[in-house]
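Below, each chain spelled out in residue letters.
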Amino acid sequence: MGEHMIYLLARFKAQSGKEDALLVLLESVVIAARNELGCVEYELHEENKNKGHFIFIKKFVDSAAYEKHQNTIHFKRLIREMTNLITTPPEIIMLTKHL
């Protein structure tokens with residue numbers, strides 16, 4: 001591969017009482033994203049000590065695959081529907097793998 005893999009974390013904090021609704025929305029994106037060409041890894045985790053704090057761990061073959069992901073119907077639906085379920089905008093952390 002000529003370009004580096006794309007690694008990132010995306011952290012979501014649910015509003016009180018909306019944890020289950022956010023989880024359902026996030027799970028629906030995972031299922032669809034895993035079928036995208038160029039998606040290597042797409043996992044959803046919840047913090048052990050903070051109920052309703054969810055983290056995506058994502059890995060794409062290159063920036064083109066990640067950009068294509070951001071233009072999918074399921075990603076756009078996530079952006080639109082999460083607004084009423086989260087306390088703050090998601091925290092996106094881009095990563096560089098060293099070893």
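Residues numbered from 1 in each chain as written. Predicted model: local features only at pLDDT ≥ 70, side-chain atom pairs only at ≥ 80, totals over all residues. Heavy atoms only, no water.

S.K.: Help me understand the packing of aromatic side chains, please; the structure alone is not making it clear to me.
M.R.: Note on aromatic pairs: each is described by the distance of the centres and the angle between the planes. Using the criterion set out here, one finds four aromatic pairs in the structure. Aromatic pair Phe12 and Phe56: ring centres 5.4 Å apart, planes at 85°, arrangement edge-to-face. In this pair, Phe12 sits in strand β1 (residues 6-13) while Phe56 sits in strand β3 (residues 53-60), placing the two residues 44 residues apart along the sequence. Residue classification places Phe56 among the buried positions, given a relative accessible area of 0%. A network of ring pairs unites the aromatic residues Phe12, Tyr42, Phe56, Phe60 and Tyr66 as a single cluster. (Phe/Tyr/Trp six-rings, centres within 6.5 Å; stacked < 30°, edge-to-face > 60°. Helix = DSSP H or I, 4+ residues; strand = E, 2+ residues; numbered from the N terminus. Buried < 20%, exposed > 50% of the residue type's maximum accessible area, 1.4 Å probe, protein only.)

S.K.: Would you take a moment to explain the sheet that holds strand β4 (residues 91-95) for this structure?
M.R.: Within a sheet, adjacent strands bond to each other through the backbone by hydrogen bonds, running parallel or antiparallel. An order of β2-β3-β1-β4 is seen for the four strands of this open sheet, with the pairing classed as antiparallel. At either end of the open sheet lies a strand with only one pairing partner, and these are β2 (39-46) and β4. Here the average twist between neighbouring strands, direction ignored, is 15°. Summarising the sheet, β2 and β3 pair through seven bridges and their orientation is antiparallel. The partner of Tyr42 across the bridge, within β3, is Lys58. (Pairing = 2+ DSSP bridges. Axes fitted to C-alpha atoms, helices over the stretch in contact; angles between N-to-C directions.)

Honestly, it's all geometry; don't read function into it.
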